[in-house]
Amino acid sequence: MRVLVTGGAGFIGSNYVRRALTGAYPAVADAELVVLDKLTYAGNLANLAPVADSPRLRFVRGDVCDARLVSELMRGIDQVVHFAAESHVDRSIQGAADFVLTNVAGTQTMLQAALDAGVGKFVHVSTDEVYGSIEHGSWPETHPLEPNSPYSASKAAADLLARSFHRTHELPVCITRCSNNYGPYQYPEKVIPLFVTNLLDGRKVPLYGDGLNVRDWLHVDDHCQGIALVADGGRPGEIYNIGGGTELTNRELTARLLAELDADESMVQPVIDRKAHDRRYSVDITKITEELGYRPRVDFAAGLADTVRWYRDNRPWWEPLKESAALPEI
Ligand code: NAD
């Protein structure tokens, strides 16, 4: 079996690749993994270093928008797991062009090539942000899409294109919509690694608005476990929410991180809220739980402590990224 993984040098994609190559997913235990990644600012070969010597891994640097390359790579592929995307909401607010190119046109290129090659399963990794924002309750997969940021709008467009390739062409597509992930190897512009690395450097952390926005935090291992279940047993044409982590306001999350790093409230710098900042996300995970036996395994307190430890122990991984990137200064 051969699996094409796009974005496999990013945070979540590399977790999937590392775990697939170290036996976490029985259905792909012997599979060859072809990773296609453009290595944008967010892609990093160091994320694949633990499995770089695996004879089952082939890495190709390239763009999911490159139709010729994608159709070449698609030959002999049994399964696609499509992670590649521009993924940071704040960057999409500053400029949305790359989001439309990679997330929308890139997904269309991937879908067309998969259709032409007769691929057996195409897992499109979407996000719960496509649903918009919800005050109470949780979204089932049937909820209309009401994305609010250019990032989530581009992901919603990709998600609908993926759905349309199943409806129109019967391409065996499954779509996953997951909540916020945390864990090791996450680029230090996202809130948890940004706050942890700032605090490790004795710098303040920027808290948006009133800090009462709510997110459901799921360990990246649990997201990838859900994707593996969908890749193996998900029904073509179906959408599966993935979540079931821990709902916290940003203020509560910040308090936990301050406690982990022996810091206090004086390290919090309130900053003007993100434009159109979604108030709360919450997915209903009944479908993937009942159909595929999914359940999150990583306890949040333990997962967060491990994640903080990882950043503490891996300065050489994140220091160059913080130096090179235009990260928010406060
Ligand atoms: P990331 O930004 O860490 O990684 C994205 C990867 O895609 C990088 O390796 C990058 O080099 C690659 N890439 C970008 N543009 C490319 C292109 N044109 N061609 C080939 N490769 C390209 O993102 P992530 O947090 O790992 O997210 C992965 C996927 O999961 C995304 O589709 C994202 O929308 C989705 N998702 C993320 C979260 C989260 O909390 N991070 C939650 C739900 C869904």
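Computed from a prediction, not measured in an experiment: that's the story for all the values here. (Residues numbered from 1 in each chain as written. Predicted model: local features only at pLDDT ≥ 70, side-chain atom pairs only at ≥ 80, totals over all residues. Heavy atoms only, no water.)

S.K.: Please explain the nonpolar core as it appears in this structure.
M.R.: Judged by nonpolar contacts, the single largest core of 43 residues is most densely connected at Val5, Tyr16, Val17, Leu33, Val81, Ile227 and Ile288. Of all elements in the fold, only strand S1 (2–6), helix H1 (11–21), strand S2 (32–37), strand S5 (121–127), strand S6 (173–178), helix H7 (220–233), strand S10 (239–242) and helix H9 (286–292) reach the threshold of two or more residues within this core. Ranked by the residues each element gives to this core, the list is headed by H7, at six residues. Not counting the four nearest positions on each side in its chain, Tyr16 is found in contact with Val5, Tyr25, Gln79, Val81, Phe83, Cys224, Ile227, Ala228 and Ala231. One finds Tyr185, Leu253, Leu257 and Met267 within the second-largest nonpolar core, a separate group that totals 27 residues. (Core = buried A, V, L, I, M, F, W, Y, C linked by side-chain atoms within 4.5 Å. Buried < 20%, exposed > 50% of the residue type's maximum accessible area, 1.4 Å probe, protein only. Helix = DSSP H or I, 4+ residues; strand = E, 2+ residues; numbered from the N terminus. Contact = heavy atoms within 4.5 Å.)

S.K.: Teacher, can you tell me more about the environment of Ile12 here?
M.R.: As for its position among the elements, Ile12 is in helix H1. Sequence-wise, Ile12 and Gln79 are 67 residues apart; in three dimensions their C-alpha atoms are separated by 17 Å. For Ile12, the contacting residues outside a window of four places in its chain are Phe83, Asn181, Val220, His223 and Cys224.

S.K.: Just checking my understanding: could you explain the sheet that holds S2 for this structure?
M.R.: Whether parallel or antiparallel, the strands of a sheet pair through hydrogen bonds between backbone atoms. Judged by pairing direction, the sheet is parallel, and its seven strands sit side by side in the order S3-S2-S1-S4-S5-S6-S10 without closing on themselves. Since the sheet does not close on itself, it has two edges, and those belong to strand S3 (57–61) and S10, each with one partner. Neighbour-to-neighbour, the strand axes of this sheet turn through a mean angle of 20°, independent of strand direction. Along the sheet, H1 makes contact with S1, S2, S3 and strand S4 (79–82), crossing S2 at roughly 165°. Running at roughly 165° to S5, helix H4 (residues 97–117) makes contact with S1, S4, S5 and S6 of the sheet. (Pairing = 2+ DSSP bridges. Axes fitted to C-alpha atoms, helices over the stretch in contact; angles between N-to-C directions.)

S.K.: Could you clarify how one ought to interpret the site of the ligand in this entry?
M.R.: Among the 28 residues in the neighbourhood of the ligand, the closest are listed as Ile12, Asp37, Ser87, Tyr151 and Lys155. For the ligand, a nitrogen atom lies 2.9 Å from a polar atom in the side chain of Asp63. Within the backbone of Phe83, a nitrogen or oxygen atom sits 2.8 Å from an oxygen atom of the ligand. Protein burial of the ligand: of its 840 Å² of free accessible surface, 96% is covered by the chains. Sorting the residues of the shell around the ligand by element identifies H1, S5, helix H5 (150–169) and strand S7 (180–182) as the ones contributing at least two each. Residue contributions to the shell around the ligand peak at three residues, all from S5. In the shell around the ligand, the residues fall into twelve nonpolar, twelve polar and four charged. (Near = heavy atom within 4 Å. Polar contact = N/O pair within 3.5 Å; in protein donor to acceptor, adjacent residues only side chain to side chain. Areas by Shrake-Rupley, 256 points an atom, 1.4 Å probe, with all protein chains shown as cover. Nonpolar A, V, L, I, M, F, W, Y, C, P; charged D, E, K, R; others polar.)

S.K.: Can you walk me through the sheet that holds strand S11 (residues 246–249) in this structure?
M.R.: With mixed pairing, three strands are arranged side by side in an open sheet as S7-S9-S11. The open sheet is flanked by S7 and S11, the only strands paired with a single partner. Strand-to-strand twist in this sheet, taken as the mean axis angle between neighbours without regard to direction, amounts to 45°. As paired strands, S7 and strand S9 (residues 214–219) are joined by three bridges and run parallel to one another. Counted as the bridge partner of Tyr182 is His219 from S9. Strand contacts of helix H8 (residues 250–260): S9 and S11, with the helix running at about 95° to S11, the strand carrying the most contacts. Taken strand by strand, helix H10 (residues 300–313) contacts S7, S9 and S11, and its axis lies near 55° from that of S7.

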